[in-house]
Amino acid sequence: MFIYTIRRLNLFVITLLILTIVSFSILRLDTQLQWAYEPFWQGWLIYLQNLLTGNLGISATGIPMSTEILKVFPATLELCFFAFILSLVIGIPLGTIAGVRRGHPIDTVISSITLLGYSIPLFWLAMLLILLFSLNLGWLPVSGRYSLLYQFNHVTGFALIDILLSDKPYRMEAFFDAVKHLVLPTIVLAMAPTTEVIRLTRASIAEVMTKNYIKVAQTKGLSTFEIVRRHGMKNAIPPIIPKLGMQFASMMTFAMLTESIFNWPGIGRWLLNAIAAQNYVAIQAGVITVGGFILLANILSDVVGAIVNPLVRKEWYAIK
């Protein structure tokens with residue numbers, strides 16, 4: 001396990017260095033900065049030293065980029081976290097049912113719904129949900145994290161946690177208001193990962209159900225539910241954990257469009273505004289932050305997958 005972890009960390013470091021070259025190249029596009037006139041590799045080494053000390057640059061208003069990112073990045077993480085949980089809660093049970101009943105009408109229905117959900121454009125789904133639940137029914141708010149009537153101190157950056165930590169008299173009302181604001185963007189952002197979770201779970205469960213130990217369990221008279229609970233899930237979930245981690249990482253890209261539609265104050269909308277303003281300092285800071293987070297999420301999912309799935313470690317040991 002130690003060797004496996006070291007290999008993954010080496011891959012992480014190498015990929016992260018390549019990412020720093022990309023972000024430094026973006027920074028050199030601004031001719032008003034000294035980086036544009038530095039020799040490339042010499043400037044890159046200085047840039048790398050700045051990153052190691054947490055210096056992501058200074059905005060035009062004199063605010064450190066690290067401070068601005070700490071304000072917007074937690075909002076994106078909060079949204080991605082709930083969307084990922086929703087995709088697992090819906091995707092794993094539906095994928096399990098489809099895998100167990102492979103070839104049956106219920107499998108066809110679930111697979112058709114999955115294909116439909118995967119094919120729906122994100123912005124179109126968002127517009128439909130806003131039109132139905134916000135404009136027509138008036139159940140859910142259109143945009144933002146919570147109503148402007150509520151004011152809270154920025155402690156962790158996660159709205160729900162900051163609200164609960166506050167001592168405001170309207171704390172619980174604001175909490176439920178924040179939950180309402182979270183519903184629509186969470187559903188929209190969870191759509192694509194949910195369809196992928198269903199597909200991965202279905203394929204893994206279907207493969208496990210063909211194994212000999214499943215047939216032995218069937219001859220013992222165990223119900224399908226008991227077989228899936230005791231043997232199916234236990235052997236089907238570990239192999240797909242790294243792929244599930246990749247789904248969480250890929251949500252960062254979908255979050256940009258989602259945040260733009262729902263006016264969610266996260267790093268995705270912040271990056272889009274930086275691109276529109278051609279703010280290269282902000283762009284490189286966002287690229288290195290989001291890219292580094294995606295790399296870290298992939299590495300952690302691989303390590304966790306190896307911990308619960310020894311076959312992965314065997315494959316790595318076999319590669320010499």
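This is a predicted model, so every value here is computed, not measured.

Undergrad: Can you explain the UniProt feature "domain: ABC transmembrane type-1" (unreviewed entry) in the protein chain? Please cite residues and give values.
TA: The UniProt record annotates "domain: ABC transmembrane type-1" (unreviewed entry) at residues 73–301. Across residues 73–301 one finds 79% helix and 0% strand; the C-alpha atoms that close the span lie 20 Å apart.

Undergrad: I'd love a proper account of the pattern of salt bridges, names of residues and values included.
TA: Counting across every chain of the model gives 4 salt bridges. Residue E78 pairs with R145 through a salt bridge whose shortest N-O separation is 2.5 Å. Placement of E78 in helix 3 (residues 65–100) and of R145 in the loop between helix 5 (122–136) and helix 6 (159–165) is noted, with a sequence separation of 67 residues between them. Here E78 falls in the buried class, since its relative accessible area comes to 5%. A residue is classified by how much of its surface remains accessible, and R145, at 12% relative accessible area, is buried. Residue R199 is joined to E196 by a salt bridge in which the shortest nitrogen-to-oxygen separation is 2.3 Å. A residue pair is termed a helical-turn pair when its members lie 3 or 4 positions apart in one helix, as R199 and E196 do in helix 7 (residues 171–208) at 3 residues. According to the relative accessible area criterion, R199 is partly exposed, its value standing at 45%.

Undergrad: Quick one: what's the story with the packing of helix 3 against helix 11 (residues 280–308), residue by residue and with numbers?
TA: In contact at an axis separation of 11 Å, helix 3 and helix 11 are set at 45 degrees when each is read in the N-to-C sense. In terms of their interaxial angle, helix 3 and helix 11 are classed as oblique. The way helix 3 lies across helix 11 gives a crossing that is right-handed. Together, M65, I69, F73 and L77 of helix 3 and V281, A282, A285, G286, T289 and F293 of helix 11 make up the contact between the two elements. Classifying every residue of the contact of helix 3 with helix 11 by side-chain character gives 8 nonpolar, 2 polar and no charged.

Each value, and the rule that gives it
- Residues numbered from 1 in each chain as written.
- Predicted model: local features only at pLDDT ≥ 70, side-chain atom pairs only at ≥ 80, totals over all residues.
- Heavy atoms only, no water.
- UniProt positions renumbered as here; feature names shortened; annotations may be inferred.
- Helix = DSSP H or I, 4+ residues; strand = E, 2+ residues; numbered from the N terminus.
- Salt bridge = Lys/Arg side-chain N within 4 Å of Asp/Glu carboxyl O.
- Buried < 20%, exposed > 50% of the residue type's maximum accessible area, 1.4 Å probe, protein only.
- Axes fitted to C-alpha atoms, helices over the stretch in contact; angles between N-to-C directions.
- Parallel < 35°, antiparallel > 145°, perpendicular 65-115°, else oblique.
- Left-handed = near helix turned anticlockwise from the far one by under 90°.
- Contact = heavy atoms within 4.5 Å.
- Nonpolar A, V, L, I, M, F, W, Y, C, P; charged D, E, K, R; others polar.

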